[in-house]
Amino acid sequence: MSLAAPQPAFDGHVFRFAQRTGRLRASAIREILKVTAMPDVISFAGGLPAPELFPIEHFAKACHDVLAHDGAAALQYSVTEGYPPLREWICEYLARVNHIACTPDQVLIISGSQQGLDLIGKVLLDPGDTVIIENPAYLGAIQAFDAYQAQYVNVATDDNGIVTADLIRVLREAKRKPKLLYLVPNFQNPSGITLSLQRRRDVVAIAAEHGIPIYEDDPYGRLRYSGEHLPSLMSIAGSRNCIYMSTVSKTIAPGMRVAWLVIPDREVFERVVPAKQAADLHTSSFTQRAVYAYACQPGVFEAHVAEMLPVYARRRDLMLESLARFMPEGTSWTRPDGGLFLWARMPEGVDTEELLELASRRLVAFVPGRPFWVNCVVRNTMRLNFSNASDEMIVEGILRLGEAVRAYMAGAK
Ligand SMILES: Cc1ncc(COP(=O)(O)O)c(C=O)c1O
């Protein structure tokens, strides 16, 4: 008996891609990370926390305890919704730090916030549906929603976050009702901007009035170095139809891939669970328990956050000072109260993608701003991360960046 030769499909292609993959691109940041992995490059490109601050010792103890006392369950398959004690701890934690009142059955443990973006996209977005987003916007959200063929409506943003008058205009002019309002209210990625208290109240009221769900993405809320803590959108009176998301990536370690969605709407929750089941069955039984065991060591997590804050605050200050010292006239930047990034604007005519070439020859890297902009092309902005470089590297890196900008403006390419 002879085996039949494999038949090509009708159009001659064996693999025929789904339409939804048409807009999928490797993240510009992941591409730049390849360059920055080269030795001696000072990188302000990634969004990486400082590895020297990872709580390795206490985490090792947590992992040991989990394996010693609950090893079989930690290595076994588990339920999709997440490890129940961790879901309870998250409720207690959110009540304490964010005044969010939620119950464990509203908490879904996910494998990183990035998975949350994908799952919410999967459950809520049909091709052509619109999502209202900040401009510039978090690239990972665009990447996730792109896979569901979303369209974006951008709202003007200033130093206090999205401009609410513009949000009202966008909602009035929308031909189809937007499906979501996606926001990063604290120390936004990429801009570092924080939504002001008044704007938070206004956004909640406007969204409730227009019946638009808010998707509040809050990975950086605990990393505040100056100014007053501001209430999360979900905790503001009158907030309805809000989904809240946070993660241990920036407070403990991103390698855990442990994050959570708070979804008070039962129907949405019940659709997201099978969507997650289809994606990965559940988040790692082991890392969920390890995060929980770590968080339960008395005082340890809060002491760790308290140790990180002054280090990051100093790095932010040093970057701001260095920018003031070394950047040429006509450049400007945001002054974030927390988080990991600031956003710089070069003089008109500077293309930061070209500038990156000059900068990388001087062994310094950043993320060019163009991919973060939605529905428009802006070439003269860049994102700078200040959490992942030492004090000396920050000063030296910004010195080199200033030289690269001057060389570019003098005509070097
Ligand atoms: C706004 C925002 N959302 C989500 C994420 C993804 O975080 P996680 O590590 O939890 O997947 C990031 C990471 O940088 C982020 O900045």
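As the structure is a computational prediction, the values presented were derived from the model and not from experiment.

Draft legend 1. Expanded view of the packing of aromatic side chains. Within the structure shown, the criterion is met by 14 aromatic pairs. Aromatic pair Phe 59 and Tyr 294: ring centres 5.7 Å apart, planes at 45°, arrangement tilted. Separated by 235 residues along the polypeptide, Phe 59 in helix H2 (residues 56–74) and Tyr 294 in helix H9 (residues 285–295) bring together distant segments of the chain. For Phe 59, a relative accessible area of 11% corresponds to the buried category. In this structure Tyr 294 comes out as buried when scored by relative accessible area, which is 0%. Where Trp 89 meets Phe 301, the ring centres are 6.0 Å apart and the plane angle is 65°; that geometry is what we call edge-to-face. Remark: Phe 301 occurs in helix H10 (residues 300–326) and Trp 89 occurs in helix H3 (residues 84–98); sequence separation between them is 212 residues.

Draft legend 2. Spatial organisation of the sheet that holds strand S8 (residues 214–217). Reading across from one edge, S2-S10-S9-S8-S7-S3-S4 is the order of the seven strands in this open sheet, with mixed pairing throughout. Where the open sheet ends on each side, the last strands, each with one partner, are strand S2 (107–110) and strand S4 (151–155). Across the sheet, the axes of successive neighbouring strands diverge by a mean angle of 20°, strand direction being ignored. Helix-sheet contacts for helix H4 (residues 113–124) involve S2, strand S7 (180–183), S8, strand S9 (242–247) and strand S10 (259–262), and the interaxial angle to S9 is about 155°. Against the sheet, helix H6 (residues 164–173) makes contact with strand S3 (130–134), S4 and S7, and its axis sits at roughly 145° relative to S4, the strand it touches most.

Draft legend 3. The pattern of salt bridges, seen in detail. Evaluation of the coordinates by the stated rule reveals 20 salt bridges. Between Arg 315 and Glu 52 there is a salt bridge, with the nearest N and O atoms lying 2.7 Å from each other. Remark: Glu 52 occurs in the loop between strand S1 (42–43) and H2 and Arg 315 occurs in helix H10; sequence separation between them is 263 residues. For Glu 52, a relative accessible area of 51% puts it in the exposed group. Between Lys 276 and Asp 280 there is a salt bridge, with the nearest N and O atoms lying 3.0 Å from each other.

Procedures and definitions
- Residues numbered from 1 in each chain as written.
- Predicted model: local features only at pLDDT ≥ 70, side-chain atom pairs only at ≥ 80, totals over all residues.
- Heavy atoms only, no water.
- Phe/Tyr/Trp six-rings, centres within 6.5 Å; stacked < 30°, edge-to-face > 60°.
- Helix = DSSP H or I, 4+ residues; strand = E, 2+ residues; numbered from the N terminus.
- Buried < 20%, exposed > 50% of the residue type's maximum accessible area, 1.4 Å probe, protein only.
- Pairing = 2+ DSSP bridges.
- Axes fitted to C-alpha atoms, helices over the stretch in contact; angles between N-to-C directions.
- Contact = heavy atoms within 4.5 Å.
- Salt bridge = Lys/Arg side-chain N within 4 Å of Asp/Glu carboxyl O.

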